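Here is what each chain is made of, one letter per residue.
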Amino acid sequence: YFDPMSIWNLTGDFPDLSVILAHGGWPYVTEICHVAYQRKNLYISPDIYSMNIPGADGFIAAANYMLQDQIIFGSAYPIVTMKEAVDYYMERIHPEILPKVMYQNAARALGITLK
């Protein structure tokens, strides 16, 4: 289900549809990040795959730079506790970007208005 070309086609065929990709499309980290860079309706939620696994650095770099508006926090619970997951992100994501990754991007993808 994570074939980058399938995701490319889906997000191109339905540009008004927000797509949230669970597990970040792992193991296709570089390819999925490229698709998301081109398709602003693609949101990546790497959850456990952003934490100490091959490819994790790619998700963290994307969140801190070119995809800061398209990365969504995922806890990976019950594999890790919520506290461990939040602490992991807080140590690696730039402080000014944390609000986007932790809730603003998800709210936008889901059409939720924040007050």
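First, a word on scope: everything that follows refers to the structure included in this document. (Residues numbered from 1 in each chain as written. Predicted model: local features only at pLDDT ≥ 70, side-chain atom pairs only at ≥ 80, totals over all residues. Heavy atoms only, no water.)

### Looking at the overall build of the protein chain
Right, on to step 1. Helix and strand content of the protein chain: 5 helices and 2 strands.
Right, on to step 2. On C-alpha atoms alone, the protein chain measures out to a radius of gyration of 13 Å, which is about the 13 Å that the 2.2 N^0.38 rule sets for 115 residues.
Right, on to step 3. Principal-axis analysis of the C-alpha atoms gives the protein chain an extent of 40 × 35 × 25 Å.
Right, on to step 4. By residue count, 42% of the 115 residues in the protein chain fall in the buried class.
Right, on to step 5. Restricting to contacts in the protein chain with at least 6 residues of sequence separation, those with at least 24 account for 65%.
Right, on to step 6. With an accessible surface of roughly 6,600 Å², the protein chain has 60% of that area assigned to carbon and sulfur atoms.
Right, on to step 7. Side chains of the protein chain give 7 positive and 11 negative charges; the mean places of these two sets differ by 8 Å. (Helix = DSSP H or I, 4+ residues; strand = E, 2+ residues; numbered from the N terminus. Rg over C-alpha atoms; globule rule 2.2 N^0.38 Å. Buried < 20%, exposed > 50% of the residue type's maximum accessible area, 1.4 Å probe, protein only. Contact = heavy atoms within 4.5 Å. Areas by Shrake-Rupley, 256 points an atom, 1.4 Å probe, with all protein chains shown as cover. Lys, Arg positive; Asp, Glu negative; His and termini not counted. Charge placed at Lys NZ, Arg CZ, Asp CG, Glu CD.)

### Quick word on the nonpolar core
Right, on to step 1. The biggest cluster of nonpolar side chains holds 28 residues, and the ones touching the most others in it are Ile-44, Met-51, Ile-93 and Val-101.
Right, on to step 2. Within the residue set of this core, elements represented by two or more residues are strand E1 (19-22), helix H2 (29-38), strand E2 (42-45), helix H3 (56-64), helix H4 (82-92) and helix H5 (98-110).
Right, on to step 3. A per-element tally of this core places H2 first, with 5 residues. (Core = buried A, V, L, I, M, F, W, Y, C linked by side-chain atoms within 4.5 Å.)

### Side note on a nonpolar patch on the surface
Right, on to step 1. Nonpolar side chains collect at one region of the surface, where Ile-20, Tyr-103, Leu-110, Ile-112 and Leu-114 lie side by side and expose about 490 Å² of accessible area between them.
Right, on to step 2. For Tyr-103, the location among the structural elements is in helix H5. (Patch = residues over 30% accessible without salt bridge, like charges linked within 9 Å, V, L, I, M, F, W, Y side chains within 5 Å. Salt bridge = Lys/Arg side-chain N within 4 Å of Asp/Glu carboxyl O.)

### Some remarks on H3
Right, on to step 1. Taken together, the buried positions of H3 are occupied by Ala-56, Phe-59, Ile-60, Ala-62, Ala-63 and Asn-64.
Right, on to step 2. On its buried face, H3 sits against H2, E2, H4 and H5.

### Section: the packing of aromatic side chains
Right, on to step 1. All told, the structure shown has 2 aromatic pairs when counted by the stated rule.
Right, on to step 2. A ring pair is formed by Trp-26 and Tyr-49, whose centres lie 4.7 Å apart and whose planes are at 20 degrees; its orientation type is stacked. Separated by 23 residues along the polypeptide, Trp-26 in the loop between E1 and H2 and Tyr-49 in the loop between E2 and H3 bring together distant segments of the chain.
Right, on to step 3. Ring centres of Phe-73 and Tyr-89 lie 4.9 Å apart, and the angle between their planes is 80 degrees; on these two criteria the pair is classed as edge-to-face. Within this pair, whereas Phe-73 is found in the loop between H3 and H4, its partner Tyr-89 is found in helix H4, the two being separated by 16 residues in sequence.
Right, on to step 4. Overall, the relative accessible area of 1% leaves Tyr-89 in the buried class.
Right, on to step 5. Its guanidinium or amino end placed over the ring of Trp-8, Arg-39 lies 3.6 Å from that ring's centre, counting from NZ or CZ.
Right, on to step 6. Here the guanidinium or amino end of Lys-40 rests over the ring plane of Tyr-37, the centre of that ring lying 4.8 Å away. (Phe/Tyr/Trp six-rings, centres within 6.5 Å; stacked < 30°, edge-to-face > 60°. Lys NZ or Arg CZ within 6 Å of the ring centre and 35° of its normal.)

### Quick word on unusual backbone geometry
Right, on to step 1. With an omega of 15 degrees, the peptide bond running from Trp-26 to Pro-27 counts as cis.
Right, on to step 2. With respect to the helices, strands and loops of the structure, Pro-27 is situated in the loop between E1 and H2.
Right, on to step 3. Between Tyr-77 and the following residue, Pro-78, the backbone shows a cis peptide bond with an omega angle of 10 degrees.
Right, on to step 4. Along the chain, the position of Pro-78 falls in the loop between H3 and H4.
Right, on to step 5. Its identity is not glycine, yet His-23 carries a phi of approximately 60 degrees, on the positive side.
Right, on to step 6. Considering the arrangement of structural elements, one finds His-23 in the loop between E1 and H2.
Right, on to step 7. On the accessibility criterion, His-23 (35% relative accessible area) is partly exposed.
Right, on to step 8. The phi dihedral of Ala-76 is positive, around 70 degrees, even though this residue is not glycine.
Right, on to step 9. Of note, Ala-76 is situated in the loop between H3 and H4.
Right, on to step 10. By relative accessible area, which is 10% here, Ala-76 ends up buried.

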